[in-house]
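# Breakdown of the fold
These are the residues of each chain, in order.
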Amino acid sequence: MVRNLNLLCKFKKPYIRTLSFALFLALNATTAWSEPSAEDLSQQLANPLASLISVPFQNNFDFRAGSDQKGFAYGLNIQPVIPFSLNEDWNIISRTIIPIAYRDYMPDGSVSGLGDINASLFLSPKQSGPSGLIWGAGPVFLLPTATDDYLGGGKLGLGPTAVALIQRHDWTVGALGNHIWSVAGSSNRQDISSTMLQPFVSYNLGHGRSVSLSLDSTYNWEASQWTLPINLDATQVFKIQDQAMSIQVGGRYYADGPDGSAKWGLRTTLTFMFPE
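Note that residues are indexed from 1 along each chain, following the sequence as it is written. It should be noted that, the model being predicted, local features are given only for residues of pLDDT at least 70 and side-chain atom pairs only at 80 or more, the latter also being counted only at that level, while totals for whole chains, interfaces and linings use all residues. Derived side-chain values reflect all non-hydrogen atoms in the structure, with water molecules and hydrogen atoms excluded from consideration.

### Some details on the environment of Ala65
Only runs of H or I of at least four residues qualify as helices and only runs of E of at least two qualify as strands under DSSP, and these elements are numbered from the N terminus. With respect to the helices and strands, Ala65 occurs in strand 1 (residues 53-65). Separated by 38 residues in sequence, Ala65 and Arg103 have C-alpha atoms that sit 9.1 Å apart. Any two residues whose heavy atoms approach within 4.5 Å at even a single point are treated as in contact. Once residues within four sequence positions are removed from consideration, Ala65 is found in contact with Lys70, Gly71, Tyr105, Gly260, Ser261 and Ala262.

Pasting the structure below:
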């Protein structure tokens, strides 16, 4: 208990304000529209290929990192999702992850800055397939934009990505995956060969509320190492004036990871939605 309290004391004031704001919205938000509209947005949020422009701001707080398991890491992932109509039958969905990170357990002290940007494009049919299957596939790009060697791989990478899911009644079940190989970059940095697999399940509770369970697994083929954070989250859809939004609050446990990786963490996500 004392160790956990000491870890919580590592929060900087901005991080405390972020968590407090997220918890306030989650506990006090109410739907300001008709029930079907809130239900529809909640279902679309659970679908990575929905025809919905969204801009999530995902805050990750990780604890017990570093060689002494006393380190703290914070990451802000800005994740715009923008669908484009290609024709009457197909969409192209752009999904980008722009990471901003802070870590206080690096050998030379704390580091902060921009990480490597991950950008994916999915070609997806507008109509679901047999048994309600929704799918999309395309390329993924890893851009060496990190401002510090500890925050990125220093390599340009690319590879395939795909997602498949089924939505029935209040359930959404699916998986998203990709594999990235490095194709250019500094010869002094380790080559990249990394597989990401993210199975997920979500249940719509009604009134714009949902709960979800996901596994953000990554396998580093160069180091033969898994990273396995398990996430459990609760989400509330709401409106502020005419702006549709959602707030997500949850926790995660690292079932496996390289030496020095975090053991557990908290996550809050504020998403701005722009329905058609």
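More follows now that the structure is in view.
### A look at the nonpolar core
By convention a nonpolar core is built from buried Ala, Val, Leu, Ile, Met, Phe, Trp, Tyr and Cys residues, the set being connected through side-chain atoms within 4.5 Å. Relative accessibility under 20% of the residue-type maximum defines a buried residue, over 50% an exposed one, and the middle range a partly exposed one, all with a 1.4 Å probe and only protein chains included. Judged by nonpolar contacts, Leu49, Val81, Ile93, Phe122, Ile134, Val163, Leu165, Leu176, Met196 and Phe200 together constitute the single largest core of 10 residues. Going through the elements one at a time, strand 8 (155-168) and strand 10 (193-206) are the ones with two or more residues in this core.

### Description of the packing of aromatic side chains
Aromatic rings from Phe, Tyr and Trp, with only the six-membered ring used for Trp, were paired whenever their centres fell within 6.5 Å, and each pair was classed as stacked if the ring planes differed by under 30 degrees, edge-to-face if by over 60, and tilted otherwise. Under the definition given, this model contains nine aromatic pairs. Between Phe57 and Phe272, the ring centres sit 6.0 Å apart and the planes meet at 85°, which makes this aromatic pair edge-to-face. In this pair, Phe57 is assigned in strand 1 and Phe272 in strand 16 (residues 264-274), connecting sequence segments 215 residues apart. On the accessibility criterion, Phe57 (29% relative accessible area) is partly exposed. Under the relative-accessibility criterion, Phe272 is labelled partly exposed at 26%. When the ring of Phe61 is compared with that of Tyr74, the centres are 5.2 Å apart and the planes differ by 45°; the resulting orientation is tilted. In this pair, Phe61 sits in strand 1 while Tyr74 sits in strand 2 (residues 71-78), placing the two residues 13 residues apart along the sequence.

### A word on a nonpolar patch on the surface
Every patch collects residues that have over 30% relative accessible area and no salt bridge, joining them within 9 Å if they carry like charges and within 5 Å if they are nonpolar side chains (Val, Leu, Ile, Met, Phe, Trp, Tyr). Per-residue and other accessible areas were derived by the Shrake-Rupley procedure at a 1.4 Å probe size, with only the shown protein chains allowed to occlude residues. What counts as a salt bridge is simple: a side-chain nitrogen of Lys or Arg found within 4 Å of a carboxyl oxygen of Asp or Glu. Taken together, the side chains of Leu121, Phe141, Leu143, Leu156, Leu158 and Val183 define a hydrophobic patch exposed on the protein surface, amounting to about 450 Å² of accessible area. Those elements that place two or more of their residues in the nonpolar patch are strand 7 (133-143) and strand 8. Its relative accessible area of 33% is what places Phe141 among the partly exposed residues.

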